[in-house]
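What follows is the residue order along each chain.
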Amino acid sequence: MKLYTAQELYKQLSESDECVWIEAKGESDSVQSLMESVCSFSNEPGLGGGYILLGIGEDTKALDNRFWIEGVENPDKAQLDISTRCASMFNLSVRPRIDVEKLDGKNVLKIFVPELPSQQKPLYFKSVGLPQGAWRRIGSSDQRCTEEDLYAFYQDNTSFDSSVVKNTGFDDVDLDAVKYYRRCRKEVNPKAEELNYSDRELLESLECLTQDGNLTFAGVMLFGTKRVIRRFYPLMRTDYIRVRGNEWVENVDERFSAIEFMGPLMLQIDRMIDAVLSDLPQNFSLKEGQIHATTKPDLPERVIREAIVNAIMHRSYRHNRPTQIIRYNNRIEIINSGYSLKAQEEIGTAGSDTRNQLIASILHETNLAEFKGTGIRTMRRLMTGAGLSMPTFESDRTKDTFTIRLLLHKFFDEGDVAWLSGFGENLTQGQRSALIFAREVGAVDTLTYMQIVGEKRKLADSNLDFLKKMGVLKQKGKTVDSVYYVLNSDFDVITPQVTPQVTPQVTPQDDIQTKCNELVLFCRIPRSKKEMMAFLKLSDRKSFDKLYLKPLLNKRIRYTVPDKPNSRIQKYVAIGES
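Just so you know, these numbers come straight off a predicted model, no measurement behind them.

Inspection of the sheet shows strand E5 (residues 97-103) paired to strand E6 (residues 106-113) by seven bridges, in the antiparallel sense. Note on E6: the bridge partner recorded for aspartate 99 is lysine 110. With antiparallel pairing between neighbouring strands as the criterion, E5 and E6 make up a hairpin whose turn holds two residues, including aspartate 104 at a positive phi of roughly 55°.

Below is the structure:
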């Protein structure tokens, strides 16, 4: 890596939102935090090392001028302390290059930490051990290593799905799954050589069956019988869970039971897709000259296919736990084990990193999966074309999970426009989108804003900060990496102010009927009573109940929690809608 002066590094920090290879440390940062950065820069493959500027303060909440020069009072003592810790805290002695330089007349320490040779990785804290004692540089932050990271350090390029599952054999193969592979492969390439092989030879050519007669992990997952999968990997299944409402409820009595999908993935993929599609609202159309109407879901079928295949292809099979497809009233969430191997900001860019090379290869050559790196971009294009919000993706290294979130209702319909009017007319389209997302999902953060609006991090931060200062959003989370925003229930929505004790709100009968019709449309997705009153611009609860809610209840709208009318999570949805 090129050698930089402290002035050049400080300028680079000040002019960019973040920097992978520069870390600022000030008075508020602990010595442990500094050593974690030393460990990260030493370990991160291909980075070439990195710089730490000690004596530079950072305000993580500021949108501009985030960094300032604090200086180091006793640079000689600090230099000695850092060198001593680098020599004693890790499994190997680290020798960073430390220089004292002046910035605005103040002493700062410029610490260059070189990347270790691959044969010396991973560097880790002796007191903690592996894998938790090792750190990596992910984006502009330091992250604890997982067991999966260790394979990168040890240069183990063997794909997990190529591992042999002992005590298995050809008798454990579901031949219907093999037939389906042949059919799909023939549609892609009728002249494919492997189509001429016997079933055993075919599985061997796909590296799903070894010469010794054992199935590999890919062979079990893609072609194995339900019995063999249950025997070796009882939790390697997909659960389709239908949740009543828009929030996860721990009480099993208030949600639908799950449908379990276990068996060879070659056969299960289409079954999963069909289950999700059959549960989506359908649009009916009858073109001129047609006798029969056609139906198709609001959410494009190909989006569902890409999302499910993405989860199957990229999940970490090192964890014996199910993938979850959760169908809320207003969205679908697909949660699988294994954080994204790409930085979250790079999700959807060209190229694909995969944990499961054999599974991915077989899904690609049967056209069940998109070409490498194009699936997410396809999902974004199709959802935008259907008038839906962009899909959002959440990678969590701590929980080792990856979540795909698909909102089901079209943004900025009549109900959205009416609801947004309560926040004034000075919001940008991106800010309005963020509010709708927060309402539907329960929260919004910077990365989500970037994904649904398509803005850079600095502008996303600025817009969320504006909504927070406006009082519409309330900030949650204690650290910069965990900050998110929720709708502020105390925000004074712009509605006509009427004192109910003086005069109940009275509306002509024909106007009531018109508003009832509008309210039913508004309730195509579940709404709380507060949202419904805000939509009608009413403040008198008794008048609302008498004139609107009671006449419509169980006729045109229904409870989302029918067994508990007074439930704190009670909402109302149009009859016929999910």
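Glancing now at the packing of helix H2 (residues 31-43) against helix H3 (residues 75-88). In contact at an axis separation of 11 Å, H2 and H3 are set at 55° when each is read in the N-to-C sense. The angle between H2 and H3 places the two elements in the oblique class. Taken as a pair, H2 and H3 cross one another with a handedness that is right-handed. Residues Val31, Leu34, Met35 and Val38 of H2 lie in contact with H3, whose contacting residues are Ile82, Arg85 and Cys86.

Our next topic: the nonpolar core. Within the largest apolar cluster, 67 residues are counted, with the highest numbers of intra-cluster contacts made by Phe223, Leu299, Ile304, Ile332, Leu363 and Leu406. Counting residues per element, this core draws most heavily on helix H9 (residues 265-277), which supplies nine residues. If we skip the residues at most four places from it in the chain, leucine 363 touches Leu222, Ile269, Val309, Ile312, Met313, Leu368 and Ala369. By size, the runner-up hydrophobic cluster in this structure holds 45 residues, among which are Val441, Phe491, Leu519 and Met532.

This brings us to the sheet that holds E6. What the four strands build is an open sheet, ordered E1-E2-E6-E5; its pairing is mixed. Pairing within the sheet leaves two strands with one partner each, and these edge strands are strand E1 (22-25) and E5. Neighbour-to-neighbour, the strand axes of the sheet open up by a mean angle of 25°, direction not taken into account.

Our focus in this paragraph is helix H15 (residues 446-453). With seven of eight residues buried, H15 lies mostly within the body of the structure. All of the buried residues in H15 are Thr446, Leu447, Thr448, Tyr449, Met450, Gln451 and Ile452. On its buried side, H15 packs onto helix H12 (375-385), strand E17 (392-396), helix H14 (429-441) and helix H16 (457-470). The positive-phi residue at the C-terminal boundary of H15 is glycine 454, with phi of around 85°.

Looking now at the pattern of salt bridges. As a working rule, side chains carrying opposite charge can pair if their charged atoms are close by. A full pass over the atoms with the stated rule returns 26 salt bridges. Among the salt bridges present, the one from arginine 85 reaches aspartate 81, with a minimum N-O distance of 3.2 Å. Remark: aspartate 81 and arginine 85 occur in helix H3; sequence separation between them is four residues, near one turn of the helix. Its relative accessible area of 31% is what places aspartate 81 among the partly exposed residues. Taking the shortest distance from any N to any O, the salt bridge between aspartate 199 and arginine 182 comes out at 3.0 Å. Taken together, the residues aspartate 199 in helix H6 (residues 199-205) and arginine 182 in helix H5 (residues 175-188) connect sequence positions 17 residues apart. Three or more residues joined by partner-sharing salt bridges are found here, namely Glu23, Lys25, Arg137 and Asp142.

Remark: H15 packs on H16, axes separated minimally by 9 Å, with the N-to-C direction vectors making an angle of 110°. Taken as axis vectors, H15 and H16 run roughly perpendicular relative to one another. The segment H15 lies against H16, with Thr446, Leu447, Tyr449 and Met450 engaging Arg457, Ala460, Asp461, Asn463 and Leu464.

Inspection of the entire model under this criterion finds 15 aromatic pairs. Each ring, one from tryptophan 21 and one from tyrosine 51, has its centre 6.3 Å from the other, and the planes form 65°; the classification is edge-to-face. Here tyrosine 51 lies in strand E2 (residues 50-54) and tryptophan 21 lies in the loop between helix H1 (6-15) and E1, a separation of 30 residues in the sequence. The same class applies to tryptophan 21 and to tyrosine 51, which are both buried. Their ring planes at 50° and their centres at 4.8 Å tell us that phenylalanine 90 and phenylalanine 125 sit as a pair that is tilted. With phenylalanine 90 in the loop between H3 and E5 and phenylalanine 125 in the loop between E6 and strand E7 (135-138), this pair connects stretches of sequence that are 35 residues apart. Like phenylalanine 90, the residue phenylalanine 125 is buried in the burial classification. Here a set of aromatic residues connected by ring pairs shows up, and it is made of Phe160, Phe217, Phe232, Tyr233 and Tyr317. Above the ring of tyrosine 339, the side-chain terminus of arginine 397 is found at 4.4 Å from the ring centroid.

Here we come to the environment of glutamate 115. Here glutamate 115 is to be found in the loop between E6 and E7. The exposure class assigned to glutamate 115 is partly exposed, which follows from its relative accessible area of 24%. If we ignore the near neighbours within four places in the chain, the residues touching glutamate 115 are Phe41, Ser42, Glu44, Pro45, Gly46, Leu47, Gly48, Gly49 and Lys121. At a separation of 3.1 Å, a polar atom in the side chain of glutamate 115 contacts the main-chain amide nitrogen of glycine 46. Within the structure, the side chain of glutamate 115 is placed 2.7 Å from the backbone nitrogen of glycine 48, a separation counted as a polar contact.

Basis of the calculations
- Residues numbered from 1 in each chain as written.
- Predicted model: local features only at pLDDT ≥ 70, side-chain atom pairs only at ≥ 80, totals over all residues.
- Heavy atoms only, no water.
- Pairing = 2+ DSSP bridges.
- Helix = DSSP H or I, 4+ residues; strand = E, 2+ residues; numbered from the N terminus.
- Axes fitted to C-alpha atoms, helices over the stretch in contact; angles between N-to-C directions.
- Parallel < 35°, antiparallel > 145°, perpendicular 65-115°, else oblique.
- Left-handed = near helix turned anticlockwise from the far one by under 90°.
- Contact = heavy atoms within 4.5 Å.
- Core = buried A, V, L, I, M, F, W, Y, C linked by side-chain atoms within 4.5 Å.
- Buried < 20%, exposed > 50% of the residue type's maximum accessible area, 1.4 Å probe, protein only.
- Salt bridge = Lys/Arg side-chain N within 4 Å of Asp/Glu carboxyl O.
- Phe/Tyr/Trp six-rings, centres within 6.5 Å; stacked < 30°, edge-to-face > 60°.
- Lys NZ or Arg CZ within 6 Å of the ring centre and 35° of its normal.
- Polar contact = N/O pair within 3.5 Å; in protein donor to acceptor, adjacent residues only side chain to side chain.

Just geometry here; none of it tells us what the structure is for.
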